[in-house]
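# Descriptive structure summary
If you want the building blocks of each chain, they are given just below.
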Amino acid sequence: MTLARRTLGAIAALLVLGAAGCAADPAPAAAPAATYRGGGVTVTLQLTTADDGRRQLSATFTPDEAGFHLYSVDLPADGIDGLGLPTRLAVRGGLVPDGTARADRPLRTVSPLGLGVDLPVYPDGAVTVTLPVRRAATGPSEAVVSFGACSEQRCLIPVTDQAVPLGTVG
């Protein structure tokens, strides 16, 4: 066998192995990431593909100070007796929801002293909310977030319907 044939054979083998490696371990869908900071919270957004092949937008809400929590995604829009602001993740533009937003942390209840109400919140610290999404149109997409962060002593300025550009999502 000539050197040229052996070289071509080696190159062909590498191409086959490389293609097989790509097929066996698909990379997650490339996704724009965005960050928003306001209301004493940093929100990091990431568009990914779930194990079942569905697209999903994840938002990690991280209070900038220790000892602060966020309210449940299931809290009514007006809170309970006007108290609390639900953590919300929505999309608009080229993306539409394809399911319900879910959080990765268990709920606990806080009862602000003297107010006679129990409020569902996540444990202090970061919580990630994930929303299944699908492409509905061409063009840019936005995430829309709402949240309020509180500690046992005080609440920070809430953020309502803040649009965060995601760019054009394929």
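Residues numbered from 1 in each chain as written. Predicted model: local features only at pLDDT ≥ 70, side-chain atom pairs only at ≥ 80, totals over all residues. Heavy atoms only, no water.

### Side note on unusual backbone geometry
With a phi angle near 55°, Asp 81 is a residue other than glycine that sits in the positive phi range. If you trace the backbone, Asp 81 turns up in the loop between strand 4 (69–70) and strand 5 (88–93). You can call Asp 81 exposed: its relative accessible area is 69%. (Helix = DSSP H or I, 4+ residues; strand = E, 2+ residues; numbered from the N terminus. Buried < 20%, exposed > 50% of the residue type's maximum accessible area, 1.4 Å probe, protein only.)

### Topic: the layout of surface pockets
Put simply, the largest pocket is a space of about 250 Å³. Together, 17 residues line the largest pocket, and Tyr 71, Pro 112, Leu 119, Ser 151 and Cys 155 are the ones closest to its centre. (1 Å grid on protein atoms, 1.4 Å probe; cavity = no way out; pocket = protein on both sides within 12 Å on 5 of 7 lines; lining within 4 Å. Points joined across faces, edges and corners; volume = space filled by probe spheres on them.)

### Description of the environment of Phe 61
With respect to the helices, strands and loops of the structure, Phe 61 is situated in strand 3 (residues 55–63). Exposure remark for Phe 61: the relative accessible area of 0% places this residue in the buried category. Distance in space between the C-alpha atoms of Phe 61 and Thr 128 is 6.2 Å, their sequence separation being 67 residues.

### Side note on the nonpolar core
Judged by nonpolar contacts, the single largest core of 29 residues is most densely connected at Val 43, Leu 45, Leu 57, Phe 61, Leu 89 and Phe 147. Residue assignment for this core shows that the elements contributing at least two residues are strand 1 (33–38), strand 2 (41–49), strand 3, strand 5, strand 10 (127–135), strand 11 (140–147) and strand 13 (159–168). Not counting residues up to four positions away in its chain, the partners in contact with Leu 89 are Leu 45, Leu 57, Ala 59, Val 129, Leu 131, Ala 143, Val 144 and Val 145. By size, the runner-up hydrophobic cluster in this structure holds seven residues, among which are Val 110, Val 117, Leu 119 and Cys 150. (Core = buried A, V, L, I, M, F, W, Y, C linked by side-chain atoms within 4.5 Å. Contact = heavy atoms within 4.5 Å.)

### Concerning the pattern of salt bridges
Scanning the model with the defined rule gives seven salt bridges in all. The salt bridge partner of Asp 64 is Arg 37, with a shortest N-O separation of 3.3 Å. With a gap of 27 residues between them, Asp 64 in the loop between strand 3 and strand 4 and Arg 37 in strand 1 connect regions that are remote in the sequence. You can call Arg 37 exposed: its relative accessible area is 60%. In this structure, Arg 108 and Glu 152 form a salt bridge, with 3.9 Å as the shortest nitrogen-oxygen distance. Of this pair, Arg 108 sits in strand 8 (residues 108–110) while Glu 152 sits in the loop between strand 12 (149–150) and strand 13, and the two are 44 residues apart along the sequence. Residue Arg 108 is classed as partly exposed on the basis of its relative accessible area of 28%. Judged by relative accessible area, Glu 152 falls into the exposed class, the value being 57%. A cluster of three or more residues bridged by salt bridges with shared partners is formed by Arg 54, Asp 98 and Arg 134. (Salt bridge = Lys/Arg side-chain N within 4 Å of Asp/Glu carboxyl O.)

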